[in-house]
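Tertiary structure, described
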Amino acid sequence: MKLSGFFKRGPFFCAAMWFWSGVYGETTQTLMLSGAGNDDAVIWRFRVSGGRKGGIWSDIAVPSNWEMQGFGTYRYWRDWTDPPAPDSVGLYRHWFMVPESWRSKKVDIVFGGSMTDTEVKVNGIIAGPEHRGGFYEFRYDISGLLGYGRQNQIEVRVRKFSADASINRAERKADFWLFGGIFRPVWLEAFPAQHIERVAIDARHTGEFSADVFTGGVTTAGRVSCRIFEMDGRPAGQCFSLSIDSTGDQEKTTLRAKIDGARPWSAEFPNQYRARIRLEEKGGVLHEVAVPFGFRTVETRPHDGLYVNGTRVLLKGVNRHSFWPSSGRTTSRKISAADAALMKDMNMNAVRCSHYPPDAHFLDAADSLGLYVIDELTGWQAAYDTGPGRKLVRELVLRDANHPSVILWANGNEGGFNTDLAGEYAEWDRQGRTVIHPWLNFNGFNTGHYEAYDCCPGVFFHGSDIIMPTEFLHGLYDGGGGAGLEDWWNLMIRHPLAAGGFLWALLDEGIVRDDRNGAIDTDGNHGPDGVLGPYREKEGSFFAVKKIWSPVAFELDGLDRLPPSFAGALRVENRYDFTDLNKVRFVWKLVDFPSPVSGNIGCSVATEGVAFSPDVPPHGADSLHISLPSGWREHDALSVSATDPHGREIASWAWMIPGPETAAARILKIGPGKAACETTGGLFVLKAAGTEIEIDTATGLLVRAVHHGREFPLKNGPRPVQGGAGAVKVRHYSKGSNEAVEAKYDGVMRSVRWQLAPDGWLRLDYAYAMPGHSTADYLGVTFDYAEEGVTGMRWLGRGPYRVWKNRMKGADFGVWHKKYNNAVTALKRE
């Protein structure tokens, strides 16, 4: 029987307040057979068919990927079958006790994920059909196979490659490391004989709540009841219920209510609640479950946009794999929370869980911190057949449907689509979320990957469908990510059909190789695509993304220096979707910088204060006023930082106050002394305070620089760089004053002037003049400097990382120091 409808006061209204004030029903009991993650794994017995430690029974940590535990072989996608993997089968054994009190219960064994085909035996008896599909949670009812009050044995056979060809194509022939083993937790769940099987919730931002409650084993139960609570335990509404009949298992009762004053869930305000649902019979509670959820509405409005809680949103997202260098796909709740926090630190509000469903605890983190999630069925560039695909869609949706963070389903990736499965999601999804096909224009979303800037005639930025690239700005060796993002994002902000996009990717996927003395292997350039390093090291793009995606934007952000007319007012734009700027805290500081040659870094704060936060609604603009003290122009820089309503730093900004000439004179403190210039053997030689500089009279290039007997390896410059253009011709070179020499050139570089100050500082001034009306992609100068001589650098300027011509954001003024860093991830962690 199936009942639905709004609750009514009467026999089945929860009038008995004792029901919610101290008398609790039996909850689902859990017994872990493995650890919960890579930080608390449990030892099982294990044997792998080949490769390292092949054919030998030994111990292994569960959960884990066996390759990362010293077994089998390391394989990336390109060598998935050639030659065949010798570690094709792993055998597991484990012994465990089951309480005597569970004898009358229904007991399921649950696998969070196992790669790839998994057969389970309990006490020598097969628990059910072999499970195929490596990234999905599955379970068996093993009530009749257990010995209660005594020791039991579980045996698991895991095949690294599936017997189903379509599963291999979808999961194994993919651009990532191919692992084997039980890589997510294993546990038992014990339910009362009459129990709640599962709950599917749809809670709208208006406070409307509905839940399908599926029950099993019902014989005497009379009703299903529900009450909503805040996460701290305070009730958020009255109890509501419906009666049921005892006509068999898998009954569905639909409960509905309206919760007044419900606070909506969004990425900016991730308000969560808990529904406590009970299966009752006269005189008692049979079973109780508590389901966290959020009041949240998601809509796709074709030819318009993506809406959350009635507001059009722009997704600032990144692609993420479940990955850790020393444990492969096995992560932990701590890693998930840290990854979600790093995304929030970059002002991201979204994540695509490419190319498979994530760990459940990552979705918990997304729910609590506030991230919009695209949850994806595996299928890198080939699809599951319909038969196995239907089963895996069901497993995907049933596990994840109640998470408010999940706003879209992705039915595979880049051609790994079986369109026959697109309608299957609605079969299991109470909320009816939109299904997309990343890379295609489908269901109103143009999700094209790696399109050209301002693409394309008739489509994308020039079409009529919602624009949401699910991959763009590939981050190989930190060469993408933040690079080019500002131009893209300015297009997105202005475009009425933009729904945002997802960078590729969050982190470099490098594994620790025990056969290479712990070196990190990214399989060449296949794995190092991240904004972050493999251990979540922050690279240059981290800071660029953080600044570009800041929901607080200042009009002066593109300037290095405050304009002379500045008197304390900063024009500020609110790029939030739900937050007024009066909830943001602004702190300003006047700072002074040490000399870079002093060995000190950072800055000293002369004075600071809190600026009054103006009332600026989402997508509005106004002025932030700073009460600057008298004499503020005597300091080096003004910095401003913004903190969101939850205490997380949004971003910081810094502007120099004096011009470069004034700042250089103050910091370098050029002192008195005597400099001399002489000509000898085709060289101009400048000498002062123990410094000797040699300049080639024929080329104008630096030949040699010596300071108190120590020769610097900088030489053979300045040579012009003009989009790859070659040398220029010296027209004239002359000695100026005693301490200066000057060259005139034909071509792009017009002049060079070397000047040695009396205290030994060398100054270089050079000028460009493009011939005629010609243009160049870029202009600059270069010197020779042996890379092996570079140990680090200290400088006054923007930092803490380098800027590129297409990645100027994310660097603030200061005195910075950094060690030499090779952007290619291939070394052991320090």
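Turning to the overall build of the protein chain, a few remarks are in order. On a plain count of helices and strands, the protein chain comes out with 9 helices and 57 strands. Considered along the principal axes of its C-alpha atoms, the protein chain spans approximately 105 × 65 × 50 Å. Counting only residues that meet the buried cut, the protein chain has 54% of its 830 residues in that class. Sequence-distant contacts in the protein chain: of pairs separated by 6 or more residues, those separated by 24 or more amount to 67%. Total accessible area on the protein chain is roughly 34,000 Å²; 51% of this is exposed by carbon and sulfur atoms. Here the protein chain holds 93 positive side-chain charges and 98 negative ones, and the gap between their average locations is 2 Å.

Bringing the state of the cysteines into the picture now. According to the stated counting rule, one finds 1 disulfide in the structure shown. The disulfide partner of C455 is C456, and the gap between their sulfur atoms is 1.0 Å. Judged by its relative accessible area of 5%, C455 is buried.

Another point: the sheet that holds strand β46 (residues 683-688). With antiparallel pairing, the 5 strands of this open sheet are ordered in space as β45-β46-β47-β48-β49. Since the sheet does not close on itself, it has two edges, and those belong to β45 (676-680) and β49 (710-712), each with one partner. This sheet shows a mean twist of 20 degrees between the axes of neighbouring strands, independent of strand direction. Pairing of β46 with strand β47 (residues 691-696), which is carried by 6 bridges, proceeds in the antiparallel orientation. Opposite V685, over in β47, you have E694 as the bridge partner.

The 4 strands lie next to each other as β41-β40-β43-β44, forming an open sheet whose pairing is antiparallel. Among the strands making up the open sheet, the edge pair consists of β41 (604-611) and β44 (649-656). Sheet twist, expressed as the mean angle between neighbouring strand axes with direction ignored, is 20 degrees. Here strand β40 (residues 585-592) pairs with strand β43 (residues 637-643) via 7 bridges, running antiparallel. Looking at β43, one finds that R585 is bridged to T643.

Here we take up helix α8 (residues 540-548). The element α8 is largely enclosed, with a buried count of 8 among its 9 residues. By the burial criterion, the buried members of α8 are G540, S541, F542, A544, V545, K546, K547 and I548. Summarising the contacts, the buried residues of α8 are in contact with α3 (333-345), α7 (485-494), β35 (500-503), β44 and β57 (812-819).

With that settled, the discussion passes to the pattern of salt bridges. Following the criterion strictly, the structure yields 53 salt bridges and no others. Its salt-bridge partner being D108, residue K106 comes within 2.8 Å of it at the nearest N-O pair. On the basis of relative accessible area, K106 is assigned to the buried category, the value being 17%. Between R139 and E189 there is a salt bridge; the shortest N-O distance is 3.0 Å. With R139 in strand β12 (residues 138-141) and E189 in strand β16 (residues 186-191), the pair connects residues that are 50 residues apart, well separated along the chain. Judged by its relative accessible area of 14%, E189 is buried. Each of K106, D108, E137, R139 and E189 takes part in a single network of salt bridges with overlapping partners.

On to the environment of M808, then. Take M808: it is sitting in the loop between β56 (792-799) and β57. Here the alpha-carbon distance between M808 and G558, two residues 250 residues apart in the chain, equals 8.6 Å.

A cis amide bond links M115 with the next residue in sequence, T116, at an omega value of 5 degrees. Position of T116 among the secondary structure elements: in the loop between β8 (114-115) and β9 (117-122). Look at the link from S354 to H355: it is a cis peptide, with omega at -15 degrees. Structurally, H355 can be placed in the loop between β28 (350-353) and α4 (360-369). Even without a glycine there, the phi angle at E414 is positive, about 45 degrees. The residue E414 is located in the loop between β30 (406-411) and α6 (424-428) in this model.

Turning to the confidence of the model for the protein chain, a few remarks are in order. Summarising the model, the protein chain shows a mean pLDDT of 90, and 91% of its residues fall at 70 or more. Low confidence marks residues 1-13, where pLDDT is under 50. Its contacts with residues over four positions away, or in another chain, come to 36 contacts. In the model, residues 15-23 has pLDDT below 50 throughout and makes 15 contacts with residues more than four positions away in sequence or in other chains.

In terms of nonpolar packing, the biggest core is built from 70 residues, with M343, M348, L377, Y425, L485, L503 and W549 touching the most fellow members. Counting residues per element, this core draws most heavily on α7, at 5 residues. Excluding residues within four positions of it along the chain, W549 makes contact with K316, G317, M346, N347, M348, L485, W489, G501 and L503. Core analysis: the second largest hydrophobic core is formed by 31 residues, W44, F71, I109 and I142 among them.

Moving on, we come to α7. Given 3.6 residues per turn, any residue in an α-helix points the same way as the ones three and four places further on. Among all positions of α7, only L485, W488, W489, L491 and M492 are buried. Seen along its axis, α7 keeps its buried residues to an arc of 155 degrees; they face one direction. Taken together, the buried residues of α7 touch β27 (315-319), β34 (466-467), β35 and α8.

Turning next to the side chain of S166. Of note, S166 is situated in helix α2 (residues 165-172). With relative accessibility at 0%, the residue S166 sits in the buried group. Of the polar contacts made by the side chain of S166, one reaches the backbone nitrogen of D385; its length is 3.0 Å. Discounting residues that sit within four places of it in the chain, S166 has contacts with A383, Y384, D385 and P388.

All chains considered together, the criterion is met by 32 aromatic pairs. Pairwise contacts between aromatic rings join W44, F46, W66, F71 and Y92 into one cluster. Above the ring of F214, the side-chain terminus of R198 is found at 3.8 Å from the ring centroid.

About the criteria used
- Residues numbered from 1 in each chain as written.
- Predicted model: local features only at pLDDT ≥ 70, side-chain atom pairs only at ≥ 80, totals over all residues.
- Heavy atoms only, no water.
- Helix = DSSP H or I, 4+ residues; strand = E, 2+ residues; numbered from the N terminus.
- Buried < 20%, exposed > 50% of the residue type's maximum accessible area, 1.4 Å probe, protein only.
- Contact = heavy atoms within 4.5 Å.
- Areas by Shrake-Rupley, 256 points an atom, 1.4 Å probe, with all protein chains shown as cover.
- Lys, Arg positive; Asp, Glu negative; His and termini not counted.
- Charge placed at Lys NZ, Arg CZ, Asp CG, Glu CD.
- Disulfide = S-S within 2.5 Å.
- Pairing = 2+ DSSP bridges.
- Axes fitted to C-alpha atoms, helices over the stretch in contact; angles between N-to-C directions.
- Salt bridge = Lys/Arg side-chain N within 4 Å of Asp/Glu carboxyl O.
- pLDDT = per-residue confidence, 0-100.
- Core = buried A, V, L, I, M, F, W, Y, C linked by side-chain atoms within 4.5 Å.
- Arc of directions from axis to C-beta.
- Polar contact = N/O pair within 3.5 Å; in protein donor to acceptor, adjacent residues only side chain to side chain.
- Phe/Tyr/Trp six-rings, centres within 6.5 Å; stacked < 30°, edge-to-face > 60°.
- Lys NZ or Arg CZ within 6 Å of the ring centre and 35° of its normal.

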